[in-house]
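Listed below, chain by chain, are the residues.
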Amino acid sequence: MTTSRVGGFETDSASACPEEPTEEASRRASSSSTTGDAVEATVRPEPSHTSGDAIATHGLTKRFRHQLAVDGIDLRVPTGAVYGFLGPNGSGKTTTIRMLLGLIGPTAGTVELLGEPIPEGAARALSRVGSLVEGPAFHPYLSGRANLHRLDAADSSADPATSRARVDAALDRVGLLAAGNKRFRAYSLGMRQRLAIAAALLMPRDLLVLDEPTNGLDPQGTREVRTLVGSLASDGTTVLVSSHLLSEVEQLCSHIGVMHAGHLVAQGTAADLRRGTDVQARVDTERPDAAARVMRELGLSDVQAHANAAIGRLGDVAPERLVAACVNAGVPVVGFTVDAPSLEDVFVSLTGEGFDVSG
Amino acid sequence: MSVADVVDQRGALGRPRVSTRFLRSELRLIFGRRRNIAGLGVLAAVPILIAVAIKVDASSPNPDQGGPTFFTSITQNGLFVALAALSIELGLFLPIAVSAISADSVAGEANTGTLRYLLTVPVRRTRLLGVKYAAIVIFSFAATFVVTVTGIVMGLLLFGGGSLTLLSGSQAAFGEGLLRVVAATAYLSCGIASLGAVGLFVSTLTEQPLGATIALVLLSTASFIADTIPQISWLHPYLITHYWTAFADLFRDPIAWGQMQTGLYVAAVYAVVFWLAAWARFAGKDVTS
């Protein structure tokens, strides 16, 4: 089982050093058995999150002076999920993520990350978490590669012997291998974003927390990130992706949480959330009034007759029954459409149409 | 790989190894930065300037230097170039150098945003402050020794070595003289490093490294100024810079250790108190940069 191996070794594309993972693993394993850690390892219980949630918060609240940035949210990210963390700008997503990672302390409430309480167990939990918080940030006058080496050097759990290989693999995984020796300040925003993702992939991770990972990326880059996240998730890594771009999340996520003005206004599987708004049926016909009558008889709600179409909310009615009923009633059906609400509709219905940043 | 392998690996991963890797990375960051190399170049320029100026105009060395007067002895022994340069630079250049580095240590990382990535690596905050201060101490010694080594090299080139006449008039062999110069440099480095601890603390208060640098330079300058006002002589022994010039006592016969012992004690107290203050400030601080 290779669910925890994420650190860029499992690239099916040409990796810089394909032999590395097994070597490294065996070295780690043998070193642990010689140092006596093996005893500890064998008695160490399975991480509690394997059965539960990768992230669980209870009543998580953050107040900055007068402003309540996050107000009592109960975030639940099941292990193995790809969790889309949605919300308009200023809705409290990044503040929440900072609390998850122990960068800021909550005013009230608790955080459990991979079964460890945060911030007390942050050092244990975070070595299994790759994160990208509020945009890339690196030393401008160092190369991308040197920046990754710096982060790796800071990680006391990283094996220096495999550092070079892991840095190369991470750069390769985000397509930066060729530009690795350029100074960070010469990078475009997209390259910077990729470097930040590479930093999150330096070590094997159980959880990735990616705050706006496709910000500033070109369409190809966006697609690549989506593919990358998908392949990491299929390896068993839990992923939390925050975004205000719905299209990004819609294709990717198994679970969704929607933030609005500091509240978690909705949370659940993507399918559950879609179910929240009713499916609409539209019958194109020359006799919209007759079609509307059939709809009402079947029990559709909000039925409206337009110039050459009738529209109603399906509710529990199966779409095929509506078509059959129309035909039986002698309504000439020219066209028939069933509109499942897009995530955007769900999103807008939860957070409002307004363009204003929530204050 | 089996599940057991994964767990085994975790066992090894979970325990931090004692390693100097992070410190070395920190030092590469400091000594690899062009700004800092240029700063060290400026520090080195002073003894060169002194040596050349005195060589060119050997007839009229300035006798009215404040602090330890090593200038008059330079023509007799090149080692005194290093001491003269140290006594000049301890007033401003060395404090500026350590201020820039220490103020940058946390505030600089916060300013570029790299602090949040370091903390989520994860680096424990106490460890971060420990490594940062270790790097500041190493830099303090490096900066001071750059002055000394340049001074010794220039002095020996232009004025030669040989036995040196101590401030009390007696003679010391060249080897012993060299040893005393090295000891003086190490002593002054400790004082500079204690200022670095104050800088580390100031650095945890802000996200603006330049502001922290200026604050620290102001502080050290104010300390020097206060040290010259006799009406507040009760304050003098507590000033961070008060004992810095005591390294001149190494060039008496016999060596007067008293002032330097107190100086080391004051430096240690400053270092410990301000490192702890930095820790108290930073350990639970919200990192929003």
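Predicted model only: the values in this text are computed from it and were never measured. What you see as residue numbers is a count from 1 along each chain, following the sequence as written. Chains carry letters from A onward and ligands carry numbers from 1 onward, assigned in written order. It should be noted that, the model being predicted, local features are given only for residues of pLDDT at least 70 and side-chain atom pairs only at 80 or more, the latter also being counted only at that level, while totals for whole chains, interfaces and linings use all residues.

(A) Expanded view of the overall build of chain B. Counting from the N terminus, the helices are the DSSP runs of H or I reaching at least four residues and the strands are the DSSP runs of E reaching at least two. Each helix and strand counted, chain B has 10 helices and 2 strands in total. When the helices and strands of chain B are listed from N to C terminus, the series reads α-α-α-α-α-α-α-β-β-α-α-α. Comment: burial labels come from other C-beta atoms within 10 Å of the residue's own C-beta, placed from the backbone, where a count of 20 or more is buried, 12 or fewer is exposed, and between is partly exposed. When each of the 289 residues of chain B is scored for burial, the buried share is 46%. Across chain B, contacts joining residues at least 24 apart in sequence account for 76% of those joining residues at least 6 apart. Any pair of residues counts as being in contact when their C-beta atoms, constructed from backbone geometry, are within 7 Å of one another.

(B) Examining the packing of helix α4 (residues 79-89) of chain B against helix α7 (residues 125-159) of chain B more closely. Residue and element names in this part refer to chain B. Each axis is a line fitted through C-alpha atoms, and for a helix only the stretch in contact is used; angles between axes span 0 to 180 degrees, taken between their N-to-C directions. One way to put it is that α4 packs onto α7 with a least axis distance of 6 Å and a crossing angle of 145 degrees. As for how α4 packs across α7, the hand of that crossing is right-handed. Residues L79, F80, V81, A82, A85, L86 and E89 of α4 form the contact with α7, whose participating residues are V147, T148, G151, I152, M154 and G155. Broken down by class, the residue content of the contact of α4 with α7 amounts to 9 nonpolar, 3 polar and 1 charged. Working rule for handedness: look at the near helix, and if it is turned counterclockwise from the far one by less than a right angle, call the crossing left-handed; if clockwise, right-handed. All amino acids are sorted into three groups, where Ala, Val, Leu, Ile, Met, Phe, Trp, Tyr, Cys and Pro are nonpolar, Asp, Glu, Lys and Arg are charged, and the leftover types, Gly among them, are polar.

(C) Main features of the sheet that holds strand β9 (residues 238-243) of chain A. All names here are of chain A. Two strands pair if DSSP finds at least two bridges between them. The 6 strands are arranged β7-β8-β9-β4-β10-β11 in an open sheet whose pairing can be described as mixed. Every interior strand has two partners, whereas the edge strands, β7 (129-132) and β11 (263-269), have only one. Within the sheet, the average angular offset between the axes of one strand and its neighbour, ignoring direction, is 10 degrees. Of the strand pairs in this sheet, strand β8 (residues 207-211) and β9 are connected by 5 bridges, and their pairing is parallel.

(D) Just the environment of R124(B), in detail. If you trace the backbone, R124(B) turns up in the loop between α6 (114-119) and α7. Along the primary structure R124(B) and I88(B) are separated by 36 residues, whereas in three dimensions their C-alpha atoms are 40 Å apart.

(E) Just helix α7 (residues 189-200) of chain A, in detail. Expected helix span is computed as 1.5 Å times (number of residues minus one). Here α7(A) contains 12 residues, and its C-alpha end-to-end distance of 17 Å stays within 8% of the 16 Å for a straight helix at 1.5 Å per residue. In terms of burial, α7(A) is largely enclosed, as 10 of its 12 residues are buried. Restricting attention to buried positions, one finds in α7(A) the residues M191(A), R192(A), Q193(A), R194(A), L195(A), A196(A), I197(A), A198(A), A199(A) and A200(A). In the core, the buried residues of α7(A) are packed alongside β7, α5 (144-154), α6 (163-173), β8 and α8 (219-234) of chain A together with α6 of chain B.

(F) Up close: the confidence of the model for chain A. All names here are of chain A. Confidence of the predictor in every single residue is expressed as pLDDT, which spans 0 to 100. On average, chain A scores 80 in pLDDT, and the residues at 70 or more come to 82%. Predicted confidence in chain A is weakest over helix α2 (residues 37-43), with a mean pLDDT of 37, and strongest over α5, with 95. Under a pLDDT of 50 for its full length, residues 1-51 has, in the predicted model, 92 contacts with residues more than four places off or in other chains.

(G) Region of the structure containing α5(A). Among the 11 residues of α5(A), 11 are classified as buried, and the element is accordingly described as predominantly covered. Considered for burial, the residues of α5(A) that qualify are G144(A), R145(A), A146(A), N147(A), L148(A), H149(A), R150(A), L151(A), D152(A), A153(A) and A154(A). Next to the buried residues of α5(A) lie α6 and α7 of chain A together with α2 (21-31) and α6 of chain B.

(H) View of the nonpolar core. Within the largest apolar cluster, 163 residues are counted, with the highest numbers of intra-cluster contacts made by A198(A), V239(A), V241(A), A84(B) and L200(B). Residues in contact with V241(A), not counting those within four places in the same chain, are V82(A), G84(A), F85(A), L210(A), P213(A), V229(A), V249(A), L252(A) and C253(A). Connectivity within a nonpolar core runs through C-beta atoms within 7 Å, and the core itself is a set of buried Ala, Val, Leu, Ile, Met, Phe, Trp, Tyr and Cys residues. Core analysis: the second largest hydrophobic core is formed by 13 residues, V283(A), A292(A), A310(A) and I311(A) among them.

(I) Structural view of the confidence of the model for chain B. Residues and elements named next belong to chain B. Here chain B shows a mean pLDDT of 89. Residues at 70 or above account for 90%. Taken as a whole, residues 1-14 scores under 50 in pLDDT and shows 34 contacts with residues more than four places along the chain or in a different chain. For this predicted complex, the interface score ipTM comes out at 0.86, alongside a pTM of 0.81.

(J) Molecular detail of the pairing of strand β12 (residues 280-285) of chain A. Residues and elements named next belong to chain A. Alternating residues of β12 divide into A281, V283 and T285, all buried, and Q280, R282 and D284, none buried. Pairing of β12 with strand β14 (residues 309-313) involves 5 bridges; the strand directions are antiparallel. Looking at the pairing, V283 lines up with A310 of β14. In this sheet, strand β15 (residues 333-339) lies alongside β12 in antiparallel orientation, the contact comprising 6 bridges.

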